[in-house]
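Tertiary structure, described
Listed below, chain by chain, are the residues.
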Protein chains: 2
Amino acid sequence: MKEQKNYAVSCQACSLNALCIPYSLTDDEIDIVDALIKRKKPIQRNKLVFESGDKFSSLYAVRAGAVKTYSVDQEGNESVIGFYLPGEMFGMDAIYSGKHLNTAIAVENTYVCEIPYNRLEELSGQIKNLQSHMFRALSGVISSDQQLQVLLGKKTAEERFANFLLNLSNRYQKRRLSPILFRLPMSRSDIANYLGIAPETVSRVVRRLQVSEILLLDGNDVHILDLHRLCQSAHGRNKNRDEQNNHKYPLLK
Amino acid sequence: MKEQKNYAVSCQACSLNALCIPYSLTDDEIDIVDALIKRKKPIQRNKLVFESGDKFSSLYAVRAGAVKTYSVDQEGNESVIGFYLPGEMFGMDAIYSGKHLNTAIAVENTYVCEIPYNRLEELSGQIKNLQSHMFRALSGVISSDQQLQVLLGKKTAEERFANFLLNLSNRYQKRRLSPILFRLPMSRSDIANYLGIAPETVSRVVRRLQVSEILLLDGNDVHILDLHRLCQSAHGRNKNRDEQNNHKYPLLK
DNA sequence: CGCTACCTTGATTTCGGTCAAGATACGTGG
DNA sequence: CCACGTATCTTGACCGAAATCAAGGTAGCG
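Treat the numbers as computed from the prediction; the structure is a model and nothing was measured.

Let us look at the domain arrangement of chain A. Residues and elements named next belong to chain A. Here chain A is described as being made up of domain 1 (2-126) and domain 2 (155-245). Across the contact, 14 residues belong to domain 1 and 12 residues belong to domain 2. Interface area, domain 1 with domain 2, both sides summed: about 1100 Å², of which 56% is carbon and sulfur. Looking at the side of domain 1 facing domain 2, the largest losses of area belong to Val 80, Phe 83 and Leu 85, adding up to 53% of the total buried there.

Here it is as structure tokens:
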């Protein structure tokens with residue numbers, strides 16, 4: 001009982017974060033919403049949350065750890081679609097067709113919450129604020145997907161990676177964690193795949209940013225040294241930054 | 001009165017298409033939903049439907065013509081986000097922040113329907129099928145955005161363009177128009193921008209597809225000659241198609 | 001301690017971008 | 001209806017960012 005209470009408390013925070021429940025819900029309503037959220041067992045690194053082809057029945061939210069989603073085309077190439085951190089929801093793309101087209105996998109040991117969709121839909125019809133929240137949440141995914149679309153269509157490798165870091169930075173900050181010092185839970189090649197570049201290119205970009213003393217990357221620990229210049233990199237305003245690197249060839253006169 | 005009726009009829013079709021209202025709505029419910037949809041004046045080519053920064057208050061659906069949305073970055077570069085054909089809804093990305101981040105412009109003379117969002121939200125709370133339909137519609141945007149993400153991150157210019165044509169083809173087919181003979185309402189450079197390639201590259205890809213007798217492009221009229229091979233192009237299974245072109249240089253022995 | 005998976009670095013290639021020059025279509029006014 | 005000017009599209013030549021190929025290096029794990 002007592003530990004159930006504890007679960008409930010921690011997961012209430014989870015539901016509040018994951019669903020970003022607006023403050024306008026009454027306590028009763030929060031309890032109702034919270035009650036529909038199933039607590040799932042921990043999911044080990046590289047274990048699936050759901051798989052392409054699975055019937056869609058729930059949305060998921062990361063409670064701790066990190067999840068990536070990816071799709072596989074006819075030739076068997078994997079494309080990383082997204083990364084999800086604690087407090088973030090995933091699986092919304094499957095509402096449309098009623099089955100999952102992507103696979104979701106834990107990139108590290110992870111806890112997820114499961115939110116049965118038919119119950120959520122039902123409650124959304126009863127709790128006006130929940131409904132309008134769901135609309136906003138879905139819309140938010142659309143608008144961030146659109147930003148990504150611009151990133152993938154127009155930006156250089158360096159801009160993509162810088163934007164990626166800034167995006168993570170913002171998401172960590174929302175969780176009241178340091179925006180300049182954090183861990184990358186995913187591998188370089190997952191990042192590369194997500195950004196539509198080669199892993200080798202990620203390496204090279206990272207090296208350049210380190211030489212420029214914009215950031216420090218020790219293993220998977222990121223330390224952003226100069227947020228301002230990272231923003232510049234993200235927006236392609238560093239085309240002549242190599243002035244600073246020219247002294248690498250001082251003997252060429 | 002009579003012409004109002006006519007409007008209502010034509011626009012009922014519009015709302016049914018645009019919102020893809022499920023058959024499960026009763027006639028009364030359809031009338032209610034239809035009543036909330038405002039008929040807008042025609043919008044001339046190159047006139048805006050809404051602009052970046054505008055307050056969000058309505059979703060829009062194309063009744064006739066075509067609309068494109070685009071965003072503009074700090075440097076003033078435009079990025080085409082999407083094209084919308086008759087029966088398709090746009091503006092859903094703005095629900096999240098309450099204001100439009102993109103600009104919507106008519107690429108040809110166009111009629112749009114305006115759907116006041118707060119009324120739509122209200123009705124969704126009352127009509128269960130409308131709500132679940134809205135969830136599906138938003139989810140559908142997310143899942144097609146994800147496909148586009150893969151396209152932009154991983155595919156070659158030819159694959160992008162072939163996929164683009166196939167996508168249009170499917171959308172025309174949904175409207176019961178020919179899937180192999182249709183018009184491109186937008187310019188080559190808009191297509192190029194949308195696909196994240198240069199307009200010159202679109203030209204070259206089109207030429208290659210014409211030489212291969214996969215399609216015929218006369219001005220803006222597309223004629224798909226070989227749907228099967230276009231699908232192959234879209235999936236990158238044509239890496240050695242130039243065997244067929246080698247006879248162009250028969251003198252090289 | 002050695003194996004495997006991941007990451008980094010360098011050399012080479014290539015796809016597509018950019019630049020530049022025509023060609024074609026289009027709308028406007030004479 | 002035609003001539004002209006402007007937009008857009010096509011084509012070619014060249015170039016560059018990043019992919020690919022190919023070794024090494026590192027780190028985590030049994």
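From this point on, the discussion continues.
Right, let's talk about the protein's contact with DNA strand D for a bit. Neighbouring DNA strand D are 15 residues; Ala 157, Thr 201 and Arg 204 of chain A together with Arg 188 and Ser 203 of chain B lie closest to it. Between a phosphate oxygen of DNA strand D and a side-chain N or O atom of Ser 203 of chain B, the distance comes to 2.5 Å. Within the contact set of DNA strand D, a base nitrogen lies 3.0 Å away from a side-chain nitrogen or oxygen of Arg 204 of chain B. Listed by contribution, the elements that provide at least two residues to the surface near DNA strand D are helix H7 (199-211) of chain A together with helix H6 (188-195) and helix H7 (199-211) of chain B. Per-element tally for the surface near DNA strand D: the top contributor is H7 of chain B, with four residues.

Chain B puts 42 residues into the contact, and the matching count from chain A is 42 residues. Summing the contributions of chain B and of chain A, the shared interface buries around 3900 Å²; its carbon and sulfur component is 55%. Counting the surface chain B buries against chain A, the share from its top three residues, Phe 135, Ile 142 and Gln 149 of chain B, is 17%. In this assembly, chain B and chain A are joined by two salt bridges.

The operation relating the two chain copies consists of a rotation about an axis and a shift along that axis. For the match of chain B to chain A, the screw axis carries a shift of 0.0 Å, the RMSD comes to 0.0 Å, and the turn is 180°. As the rotation angle and translation indicate, the two copies are arranged about a two-fold axis. Of every C-alpha in chain B, the one belonging to Gly 125 of chain B sits nearest the axis of rotation, 2.5 Å from it. A shared interface surface links the copies, since 98% of the contact residues of chain B are contact residues in chain A too.

This brings us to the packing of helix H3 (residues 117-126) of chain B against helix H4 (residues 128-154) of chain B. Residue and element names in this part refer to chain B. Following both chains from N to C, one finds H3 and H4 inclined at 120°, their axes separated by 5 Å at the closest point. One way to sum up the angle between H3 and H4 is to call them oblique. Of the two possible hands of crossing, H3 and H4 adopt the one that is left-handed. Contacts between H3 and H4 involve Leu 120, Leu 123, Ser 124 and Gln 126 on the former and, on the latter, Lys 128, Leu 130, Gln 131 and Met 134. Of the residues contributing to the contact of H3 with H4, the split by class is four nonpolar, three polar and one charged.

Across the sheet, which stays open at both edges, the four strands sit in the order E2-E7-E4-E5 (chain A) with antiparallel pairing between neighbours. The outermost strands of the open sheet, each flanked by one partner alone, are strand E2 (48-50) and strand E5 (78-84) of chain A. Each neighbouring strand pair of the sheet contributes to a mean axis angle of 30°, computed without reference to strand direction. Docked against the sheet, helix H6 (residues 188-195) of chain A engages strand E4 (67-72) and E5 of chain A, running at close to 105° with respect to E5 of chain A. Together, E4 and E5 of chain A form the strand contacts of H4 of chain B, whose direction differs from that of E5 of chain A by roughly 120°.

Now for the protein's contact with DNA strand C. Every one of the 15 residues lining DNA strand C counts as a neighbour, but Ser 203 of chain A together with Ala 157, Ala 198, Thr 201 and Arg 204 of chain B are closest to it. The sugar-phosphate share of atoms of DNA strand C within 4 Å of the protein amounts to 62%. Measuring from a base nitrogen of DNA strand C, one finds a side-chain N or O atom of Arg 204 of chain A at 3.0 Å. Between DNA strand C and the protein, one listed contact pairs a phosphate oxygen with a side-chain N or O atom of Arg 207 of chain A at 3.1 Å.

Before going further, it helps to spend a moment on the pairing of E5 of chain A. All names here are of chain A. With six of seven residues buried, E5 lies mostly within the body of the structure. Across six bridges, the pairing between E4 and E5 is antiparallel. Across the sheet, Ser 71 pairs through a bridge with Ser 79, a residue of E5.

Let's shift gears to helix H4 (residues 128-154) of chain A. An ideal rise of 1.5 Å per residue puts 39 Å on 27 residues; H4 of chain A measures up with 39 Å between its terminal C-alpha atoms. Here H4 of chain A lies mainly inside the structure; 20 of its 27 residues are buried.

A few words now on the environment of Leu 177 of chain A. On the secondary structure map, Leu 177 of chain A appears in the loop between helix H5 (157-174) and strand E9 (181-183). Here the alpha-carbon distance between Leu 177 of chain A and Asp 34 of chain A, two residues 143 residues apart in the chain, equals 25 Å.

Moving on to the sheet that holds strand E7 (residues 103-106) of chain B. Residues and elements named next belong to chain B. One open sheet holds the four strands; their spatial order is E2-E7-E4-E5, and the pairing between them is antiparallel. Pairing within the sheet leaves two strands with one partner each, and these edge strands are strand E2 (48-50) and strand E5 (78-84). Taking each pair of neighbouring strands and ignoring which way they run, the sheet shows an average axis angle of 30°. Relative to E7, E2 is paired through two bridges, and the arrangement is antiparallel. Opposite Phe 50, over in E7, you have Ala 104 as the bridge partner.

Right, let's get into the packing of helix H5 (residues 157-174) of chain B against H6 of chain B. Residues and elements named next belong to chain B. The N-to-C vectors of H5 and H6 enclose an angle of 110°; their axes lie 10 Å apart at closest approach. With respect to their mutual orientation, H5 and H6 come out roughly perpendicular. Note on packing geometry: the crossing formed by H5 with H6 is right-handed. Across the interface between the two elements, Arg 160, Phe 161 and Phe 164 of H5 pack against Ile 191, Tyr 194 and Leu 195 of H6. Residue classes in the contact of H5 with H6 are distributed as five nonpolar, no polar and one charged.

A few words on the nonpolar core. Core analysis: the biggest nonpolar cluster contains 70 residues, and Phe 161 and Leu 184 of chain A together with Phe 161, Phe 164 and Leu 184 of chain B have the highest contact counts within it. Residues within four places of Phe 164 of chain B in sequence aside, it is in contact with Phe 83, Leu 184, Met 186, Ile 191, Tyr 194 and Leu 195 of chain B. In this structure, Met 92, Tyr 117 and Leu 123 of chain A together with Ala 61 of chain B belong to the second largest nonpolar core, which totals 48 residues.

Conventions adopted
- Residues numbered from 1 in each chain as written.
- Chains lettered and ligands numbered in written order.
- Predicted model: local features only at pLDDT ≥ 70, side-chain atom pairs only at ≥ 80, totals over all residues.
- Heavy atoms only, no water.
- Domains from an automatic or database assignment.
- Contact = heavy atoms within 4.5 Å.
- Buried area = accessible area lost by both parts, 1.4 Å probe.
- Near = heavy atom within 4 Å.
- Polar contact = N/O pair within 3.5 Å; in protein donor to acceptor, adjacent residues only side chain to side chain.
- Helix = DSSP H or I, 4+ residues; strand = E, 2+ residues; numbered from the N terminus.
- Salt bridge = Lys/Arg side-chain N within 4 Å of Asp/Glu carboxyl O.
- Least-squares fit on C-alpha atoms with pLDDT ≥ 70 in both.
- Axes fitted to C-alpha atoms, helices over the stretch in contact; angles between N-to-C directions.
- Parallel < 35°, antiparallel > 145°, perpendicular 65-115°, else oblique.
- Left-handed = near helix turned anticlockwise from the far one by under 90°.
- Nonpolar A, V, L, I, M, F, W, Y, C, P; charged D, E, K, R; others polar.
- Pairing = 2+ DSSP bridges.
- Buried < 20%, exposed > 50% of the residue type's maximum accessible area, 1.4 Å probe, protein only.
- Expected span 1.5 Å × (residues − 1).
- Core = buried A, V, L, I, M, F, W, Y, C linked by side-chain atoms within 4.5 Å.

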